[in-house]
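Notes for the structure review
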Amino acid sequence: MDEEYDVIVLGTGLTECILSGLLSVEGKKVLHMDRNDYYGGDSASLNLTQLYGKFRQQDAPSDLGRDRDYAVDLIPKFIIASGELTKILVHTDVTRYLEFKQIAGSFVYRDGKISKVPSTEIEAVKSPLMGLFEKRRAKKFFEFLQSWKDEDPTTHQGIDLDKDSMKTVYEKFGLEPGTQDFIGHAMALYLDDDYITKPARPTYERIVLYSSSMARYGKSPYIYPLYGLGELPQSFARLSAIYGGTYMLDKHIDEIITDSDGKFIGVRSGEETVKAKQVIGDPSYFGAGKEADGGKVRVVEDGKVVRAICILKHTIPGTDESDSVQIVIPQNQVNRRNDIYIAMVSSTHKVCAQDVYVAIVSTIVETSTPEQELAPGFQLLGTIHEKFVSVTPLYTPVASGKEDNIFITQSYDATSHFETVVDDVHDVWKRVVGKDLVLKKREVEVEQ
C-alpha cells in the first residue's frame, strides 16, 4: 500500500459513508476501511443470525421465519420527507439505488393512551388531543406559523422569533400544557423541554419542516428505505466507488499513525501502512469504550442511550392496525426528563417475515436501571415475542481536528430521525474541506 490518499475514512456508518461519497464526488482520493465485514457500523441492519449472534451468542429460533427476510436496524431512525437527508439523497442521485415506503402513522402518548398526530385539518378537528376551544387557539397558532414572512412585519403579530422564547409564543396563543407537549415533542421532535426557554426560531423551523413533510405524502412525515437503514450507507458507498473511492471491509485498524507534532500521517493494519493527508472516523476508532486514547473523544452529557429491539407477532394496539408507526411518549407524561420513542416497521418494508413486526423502543438513560426506563413503551406494545436490549454511550470529539487532521464524527443520538446526523455531516465537512457543504445537482455517470 504505497499509494497516498487525500482522505482515509474509518467506519461505514451513515455519517462516514455520506462524507466519503461527497468527498469522492468532489474529486478527493478516498480510501474507506471498516473492521466489520458488513456496511453500516453502529447503524447497520442485521439478519436474524447476526441479531441473535450479537445479543445472545446463539442461533436464531425457527419460529421467526427465514434468515434472509430480516434486516433489523440497530439504531432506528426515520427519514423526514422534506428534511436535509432527503435533499442529500436527491442531490447525489443516490435515490436510484433505494426504494422508499412511507411510515403509516405518527402517534403521541397522552393521558394513558395514544392518539394519531393529525395529518389533515379534518383529522385535527376530530382529534381527541385537544378540546374545541383549544383547537381554535391551536388553529390560530399554526396559521401564524404558516403565514410568517421575515420581511413582512405585519405577519409577526408583535413576536420576534430570534429574541422571544417559545414559552412567550405559546402564551401569546394561550396554548395549554398538553398542546405545548404535543407541538414540542411530536412535531418539533425535541427530546426534552429545554427548548421552551430558548429563542423560538429553531422550533418554528422544525414545525414548518414537519408540516411540509406531512403535506408531501399525507399520513405521516416519514419515509423509510426498503430492506432497512443499512441500505443507506451502502448506497453512498456505491456513489463513492463510481467516483474512484476504494473500499476495504473486514480490515482491522491497529494504529492511527501521527508524526512528532501529533499530526495524522497514516493508518496501520497488520503489516501494511497506508498514508493520507486527513482521516475521518467514528469515535470507536479513536479510543471510545476504553481509556480515553489521548483524549480524542469524550462521553456527552446525558451520555447513554438505551434501545430495545422488540419482535412482535401483532400490530401495536390502538394504531388502527398500522404496518408502521412512530410513537412519541413526551417526557412529562411519564415523569421523565427525556422522551421515549417507539419506531415500528414490518414485512411491508422488507425487514422481517410476514406477520412479524419489529418495534424499537429507545430513550436517553436517566437512572441505574436503563431497561426499566423503557417500561411505558413496552406497555404500549402488548405481548413482546422477543426482546434485545442495548445501552450505548454517546461520544463526541474533544477537538475540531484542524490541528492534527483527525476528524471524528458524533455517535448516533436518541432522536427518531436523521436531521442531527446530517448536521454532523455539514459540521465535519466544513472542518475537513474548510468551506460549507453546498448541495448542487450533479451529472452522475451511469454505471456500466
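Residues numbered from 1 in each chain as written. Predicted model: local features only at pLDDT ≥ 70, side-chain atom pairs only at ≥ 80, totals over all residues. Heavy atoms only, no water.

As named in an unreviewed UniProt entry, the protein is Rab GDP dissociation inhibitor, taken from Coniophora puteana.

**Some words on the packing of helix H1 (residues 14-25) against helix H12 (residues 419-433)**
Where H1 meets H12, the closest approach of the two axes is 10 Å, and the angle between their N-to-C directions is 45°. One element, H1, and the other, H12, form an angle in the oblique class. Where H1 crosses over H12, the two elements pack in a sense that is right-handed. Contacts between H1 and H12 involve Leu14, Thr15, Ile18, Leu19, Leu22 and Leu23 from the former and Val421, Asp424, Val425, Val428, Trp429, Val432 and Val433 from the latter. Class assignment for the residues of the contact of H1 with H12 results in 11 nonpolar, one polar and one charged. (Axes fitted to C-alpha atoms, helices over the stretch in contact; angles between N-to-C directions. Helix = DSSP H or I, 4+ residues; strand = E, 2+ residues; numbered from the N terminus. Parallel < 35°, antiparallel > 145°, perpendicular 65-115°, else oblique. Left-handed = near helix turned anticlockwise from the far one by under 90°. Contact = heavy atoms within 4.5 Å. Nonpolar A, V, L, I, M, F, W, Y, C, P; charged D, E, K, R; others polar.)

**Some points on the sheet that holds strand S5 (residues 79-80)**
Ordered in space as S5-S9-S6, the three strands form an open sheet in which the pairing is antiparallel. The open sheet has two free edges, formed respectively by S5 and strand S6 (100-102), since each of these has just one partner strand. Note: S5 against strand S9 (residues 222-225), two bridges, orientation antiparallel. Its bridge partner being in S9, Ile79 is matched across the sheet by Ile223. (Pairing = 2+ DSSP bridges.)

**Some remarks on the pairing of strand S16 (residues 340-346)**
Among the seven residues in S16, seven count as buried, and that is most of the element. Side chains of S16 alternate between two faces, with Ile340, Ile342, Met344 and Ser346 and Tyr341, Ala343 and Val345 buried alike. In terms of strand pairing, strand S15 (residues 325-329) meets S16 through five bridges, oriented antiparallel. Within S16, the residue paired with Ile329 across the bridge is Ile340. As defined by bridge partners, S16 adjoins strand S17 (residues 357-364) across seven bridges and the pair is classed as antiparallel. Within S17, the residue paired with Ala343 across the bridge is Ile360. (Buried < 20%, exposed > 50% of the residue type's maximum accessible area, 1.4 Å probe, protein only.)

**Some thoughts on unusual backbone geometry**
Peptide bonds are mostly trans, and most non-glycine residues show a negative phi. Positive phi, close to 55°, is recorded for Asp250, a residue that is not glycine. For Asp250, the location among the structural elements is in the loop between strand S10 (246-248) and strand S11 (255-258). Of note in the backbone geometry, Asn335 takes a positive phi value of approximately 55° without being a glycine. Locating Asn335 in the fold gives a position in the loop between S15 and S16.

**Observations concerning the pattern of salt bridges**
Within the structure shown, the criterion is met by 24 salt bridges. A salt bridge links Asp6 to Lys277, with the nearest nitrogen and oxygen atoms 2.9 Å apart. Placement of the pair is Asp6 in strand S1 (residues 4-10) and Lys277 in strand S13 (residues 272-281), with a sequence separation of 271 residues. (Salt bridge = Lys/Arg side-chain N within 4 Å of Asp/Glu carboxyl O.)

**Observations concerning helix H8 (residues 201-217)**
The periodicity of an α-helix, 3.6 residues per turn, causes residues three or four positions apart to be oriented the same way. With 17 residues, H8 extends 25 Å between its outermost C-alpha atoms, agreeing within 8% with the 24 Å of an ideal straight helix rising 1.5 Å per residue. Those residues of H8 not exposed but buried are Arg201, Thr203, Tyr204, Ile207, Tyr210, Ser211, Ser213 and Met214. Those residues of H8 that are buried are in contact with S5, strand S7 (105-110), helix H5 (132-147), helix H6 (166-172), helix H7 (177-187) and S9. Positive phi shows up at Gly218, right after H8, with a value of about 70°. (Expected span 1.5 Å × (residues − 1).)

**Concerning the environment of Glu99**
Summarising the element assignment, Glu99 is placed in the loop between helix H3 (84-91) and S6. Judged by relative accessible area, which is 55%, Glu99 ranks as exposed. In sequence terms Glu99 and Tyr39 are 60 residues apart; their C-alpha atoms lie 18 Å from each other. Other than its neighbours up to four places away in sequence, Glu99 contacts Tyr224, Pro225 and Leu226.

**Some details on the confidence of the model for the protein**
With 95% of its residues at a pLDDT of 70 or more, the protein has an overall mean of 90. Note on residues 443-448: pLDDT under 50 across the span, and 12 contacts to partners over four residues away in sequence or across chains. (pLDDT = per-residue confidence, 0-100.)

**Digging into the environment of Asp164**
Residue position: Asp164 is located in the loop between H5 and H6. In this structure Asp164 comes out as partly exposed when scored by relative accessible area, which is 22%. In this structure the C-alpha to C-alpha distance between Asp164 and Ala200, which are 36 residues apart in sequence, comes to 6.2 Å. Apart from residues no more than four positions distant in its own chain, Asp164 is found in contact with Gly158, Ile159, Lys198, Pro199 and Ala200.

**A word on the packing of aromatic side chains**
Each aromatic ring pair is summarised here by two numbers: the centre-to-centre distance and the angle between the ring planes. Scanning the model with the defined rule gives 12 aromatic pairs in all. Taking 5.7 Å as the distance between ring centres and 85° as the angle between the ring planes, the aromatic pair formed by Phe144 and Trp148 counts as edge-to-face. Accessibility classification places Phe144 together with Trp148 in one group, the buried group. Relative to Phe173, the ring of Phe144 has its centre 5.2 Å away and its plane inclined at 40°; by these criteria the two rings are tilted. Residue Phe144 is found in helix H5, and its partner Phe173 is found in the loop between H6 and H7; the two are separated by 29 residues along the sequence. Here the two residues Phe144 and Phe173 agree in accessibility, since each one is buried. Grouped by ring-pair contacts, the aromatic residues Phe141, Phe142, Phe144, Trp148, Tyr170, Phe173 and Tyr204 constitute a single cluster. (Phe/Tyr/Trp six-rings, centres within 6.5 Å; stacked < 30°, edge-to-face > 60°.)

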